[in-house]
Amino acid sequence: MSATTVKEPWVHVVKRDRMTVGKSALIHLAGVVLALIICALVIFMLTGLNPIDVYAGIWDGALGTSRRTWVTLRDSAILLCIGFAITPAFRMRFWNIGAEGQVLVGAMATAAVMIYGANWPSWALYTLMPIAGVLAGALWGLIPAVFKAKWNTNETLFTLMLNYVAMQAVTYAIIFWENPKGSNSVGLINMQSEAGWLPSIADNKYLLTIFVVLVIMVLLYGYMKYTKQGYEISVVGESENTARYAGINVKRVIIRTMALSGALAGVAGFLLVSGAGHTISTSVADGRGFTAIVVAWLGKLNPFAMLVVAFFLVFMQRGSIQIASQFGLNDSASEILTGIILFCVLGCEFFINYRLEFRHEEEAVKA
Amino acid sequence: MSTLLIFLQKTITQGIVLLYGANGEIITEKSGNLNLGVPGMMYMGGVAGLAGAFLYENSTANPIPWVGVLIAILAALLCSAFGGLIYSFLTITLRANQNVTGLALTTFGVGFGNFFGGSLSKLAGGVGQISTAATSGGFRTTIPFLRDIPVVGDLFFSYGFLTYFALIITLLLSWFLFKTRLGLNLRAVGENAATADAAGINVTRYKYLATCIGGAICGLGGLYFVMDYSSGTWMNDSFGDRGWLAIALVIFARWRPTQAIWGSFLFGGLYILYLYIPGLTRDMQEVFKALPYFVTIFVLIMTSLRKRREDQPPASLGLAYFREDRN
């Protein structure tokens, strides 16, 4: 270095190599705490309510009774399932933001089997329902994948548009199936016979859904980590050129992975209809396809981290529904709070990947 | 007035909302930021404008329309630009993932809009409708005399000033992007930020400004919807999926503002076509409602098939720029 003073910026950003799990968890926690403080301020400024009371209300709404706890757990499981659906696609750097639509068509196919198969033997019904849901979801995932693989059509926008096509398709189907006629809703399917409703295990109607999702979790973890196909997905995600050079058929991997992604979303659709709502409407996915993207991203595609994120988001949502009625707030308060929390957690990720280096005065003098 | 004339009028009003959103997203995407927060920012702009007008009209006995209009516009611009600022800070400074941040912004903005919109009607007595008659009257004032020409007046001069302003903004934006030095710099940032940086362009500043101004333009679309189209009232979720359609329109227009003009009228027309085709059954109406999305998918596929260089998205769309990364 020459004697001329080189002006070093006051602070600059340096990429970190790697961070221990504990440390990164701590940063996330800091982000959540920051979010809760900002939310408390917002709550106080908007409504004048004591934020502690409001948070207590959220806790009560999400986990206050055993029924509420089970609903929170089941909803977390379904959200997690959609998060798993996105995981292989995101690992491949294929931005599938069409999970909402894939869930919807899966739900629609399941409902179709439930409606038309009301009098079938139950083994046929219970086999065909998941198959229909899975196939429909896989098909909806395949369409953009084929175009991406063959002509490099932008998948973010394609999958986004397919969400709305799916929504219209469901509206169309509802008019077909509406019950009673003219009500524009399907109502509870097979209300009397409960045909096609997921059965209770040990008198608990939420358990089976949770169990299915846990099985998917283990299988997907194994698939991504220990199989050749899972490895191929990672390589394609890292670099398509490398993958091609290594002799991987990139097109086939894209198509296969998106079929899997759509199929898992279809499972979520099946669970929502057969296991939870027993009906079909355009709000059956209720934005979960979008929230699941956040789950997958914040969980860094790690199933265990995603589990924590999914539970936290559902916890906040269910709690916010409760505080909305308890304090006479508008329902949308929950979306504002969720938004603020997401902003903070997304922002805090910066400190996991980068660190700030401040100017060292002594060194500057030495130079 | 004939049905056709009414249809064309409604097509234009529907299209203007989308045109604002598309313009805002075009300038944002030209800087390399794919902001999926458009629906959120449109809600924020709309509700802020409405709240501004509402508070102003409630504070004076005789509200002056143009003052209300100014307040509403200012509030809408500031609030939606703030949405853009949140997105910018997270994606540009903190390098968060753009898709996820955009979706979070949409969640936040839609919640923000419905919360304040719903709370406003509660303040007004809980009847579900609030009135900002003077201000919305100001927004809906048409050009005198010209308006009275038969047919031509109905078709071209029956709208509030924001309609014409949308067209002016579109032309200005097109001129800015393709005819000025600053526009060239901005496009360079979106195509390849590292090269732009090497050429001495302040990448961060361009990205921030483009995204915030883009947010503000989107907000005008929300404002137009609330103050002009809905006559200064608020219904939760009545804005619907127009924000996503605006993003679709950007693709349809292949990132060119002037193409977005006729695209917005096409989308606006398709959006309401089902109301004007006689004898449509309810299920067929739903098929017609999906038309704008089918058209967008079709255009998306066609542009990728033809691979014309000038039709492609900005090359670094969706990627954060970090100077110390080697690409």
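For the structure, see preceding data.
It should be emphasised that the depicted structure is a prediction, and the values quoted were computed from it without experimental measurement.

Enquirer: Tell me what's going on with the overall build of chain A, and back it up with residues and numbers.
Expert: From N to C terminus, chain A includes 15 helices and 2 strands. Projected onto its principal axes, the C-alpha coordinates of chain A cover approximately 90 × 60 × 40 Å. The long-range fraction of contacts in chain A, counting pairs at least 24 apart against all pairs at least 6 apart in sequence, stands at 78%. Looking at chain A as shown, the accessible area adds up to about 17,200 Å², and 64% of this sits on carbon and sulfur atoms.

Enquirer: Please set out the overall build of chain B residue by residue, giving values where relevant.
Expert: A count of helices and strands for chain B gives 14 helices and 0 strands. When the elements of chain B are put in sequence order from the N terminus, they spell out α-α-α-α-α-α-α-α-α-α-α-α-α-α. A compact globule built from 327 residues would reach a C-alpha radius of gyration of about 20 Å, and chain B, at 20 Å, matches this within 12%. For the C-alpha atoms alone, the extent of chain B along its principal axes is close to 60 × 45 × 40 Å. In chain B, which comprises 327 residues, the proportion classed as buried is 59%. Considering only contacts in chain B between residues 6 or more positions apart, those separated by 24 or more positions represent 77%.

Enquirer: Lay out helix α2 (residues 51–63) of chain A with the relevant residues and their values.
Expert: Residues and elements named next belong to chain A. Taking 1.5 Å as the rise per residue, α2 with 13 residues should run 18 Å; its terminal C-alpha atoms sit 18 Å apart, in good agreement. Burial in α2 covers these residues: Pro-51, Val-54, Gly-57, Ile-58, Gly-61 and Ala-62. For α2, the buried positions fall inside an angular range of 125° around the axis, keeping them on one side. Facing away from the buried side of α2 by more than 90 degrees, the exposed set consists of Ile-52 and Trp-59. In this structure Asn-50 caps α2, since a side-chain oxygen of it lies 3.0 Å from the backbone nitrogen of Ile-52.

Enquirer: Pulling in residues and values, what's your account of the nonpolar core?
Expert: Ile-280 of chain A together with Tyr-20, Phe-108 and Leu-223 of chain B are the most contacted members of the largest nonpolar core, which has 206 residues in total. Setting aside its immediate chain neighbours within four residues, Ile-280 of chain A contacts Ala-107, Met-108, Ala-111, Val-170, Ile-174, Trp-177, Val-186 and Ile-189 of chain A.

Enquirer: Go over the pattern of salt bridges, please, and point to the residues and values.
Expert: Counted under the stated rule, the structure contains 9 salt bridges over all chains. Between Glu-232 of chain A and Lys-228 of chain A there is a salt bridge, with its nearest N and O atoms 3.7 Å apart. Residue Glu-232 of chain A and its partner Lys-228 of chain A are located together in helix α8 (residues 228–238), separated by 4 residues, close to a single helical turn. Assessed through its relative accessible area of 9%, Glu-232 of chain A is described here as buried. Here Glu-286 of chain B makes a salt bridge to Lys-289 of chain B, at a shortest N to O gap of 3.4 Å. Residue Glu-286 of chain B and its partner Lys-289 of chain B are located together in helix α13 (residues 282–289), separated by 3 residues, close to a single helical turn. The network of salt bridges with common partners includes Arg-74, Asp-75 and Arg-318 of chain A.

Enquirer: Any details on the packing of α2 of chain A against helix α3 (residues 66–91) of chain A? Residues and values, ideally.
Expert: All names here are of chain A. Where α2 contacts α3, the axes come no closer than 6 Å and their chain directions differ by 80°. Classified by the angle their axes make, α2 and α3 are roughly perpendicular. The residues of α3 that touch α2, namely those facing Asp-60, Gly-61, Ala-62 and Leu-63, are Arg-68, Thr-69 and Thr-72. Of the residues contributing to the contact of α2 with α3, the split by class is 2 nonpolar, 3 polar and 2 charged.

Enquirer: Can you lay out a nonpolar patch on the surface for me, pointing to particular residues and giving the numbers?
Expert: Residue and element names in this part refer to chain A. A cluster of nonpolar residues, Tyr-116, Trp-120, Leu-128, Ile-131, Leu-135 and Phe-176, forms a patch on the protein surface that exposes about 620 Å² of accessible area. Ranked by residues supplied to the nonpolar patch, first place goes to helix α5 (residues 122–151) with 3 residues. Inspection of the secondary structure assignment puts Phe-176 in helix α6 (residues 155–177). On the accessibility criterion, Phe-176 (48% relative accessible area) is partly exposed.

Enquirer: I'd like a description of the side chain of Thr-159 of chain A, backed by residues and values.
Expert: Residue and element names in this part refer to chain A. Position of Thr-159 relative to the elements: it lies in helix α6. Owing to a relative accessible area of 1%, Thr-159 belongs among the buried residues under this scheme. Looking at Thr-159, its side chain comes within polar contact range of the main-chain oxygen of Thr-156, at 3.1 Å.

Conventions used here
Residues numbered from 1 in each chain as written. Chains lettered and ligands numbered in written order. Predicted model: local features only at pLDDT ≥ 70, side-chain atom pairs only at ≥ 80, totals over all residues. Heavy atoms only, no water. Helix = DSSP H or I, 4+ residues; strand = E, 2+ residues; numbered from the N terminus. Contact = heavy atoms within 4.5 Å. Areas by Shrake-Rupley, 256 points an atom, 1.4 Å probe, with all protein chains shown as cover. Rg over C-alpha atoms; globule rule 2.2 N^0.38 Å. Buried < 20%, exposed > 50% of the residue type's maximum accessible area, 1.4 Å probe, protein only. Expected span 1.5 Å × (residues − 1). Arc of directions from axis to C-beta. Polar contact = N/O pair within 3.5 Å; in protein donor to acceptor, adjacent residues only side chain to side chain. Core = buried A, V, L, I, M, F, W, Y, C linked by side-chain atoms within 4.5 Å. Salt bridge = Lys/Arg side-chain N within 4 Å of Asp/Glu carboxyl O. Axes fitted to C-alpha atoms, helices over the stretch in contact; angles between N-to-C directions. Parallel < 35°, antiparallel > 145°, perpendicular 65-115°, else oblique. Nonpolar A, V, L, I, M, F, W, Y, C, P; charged D, E, K, R; others polar. Patch = residues over 30% accessible without salt bridge, like charges linked within 9 Å, V, L, I, M, F, W, Y side chains within 5 Å.

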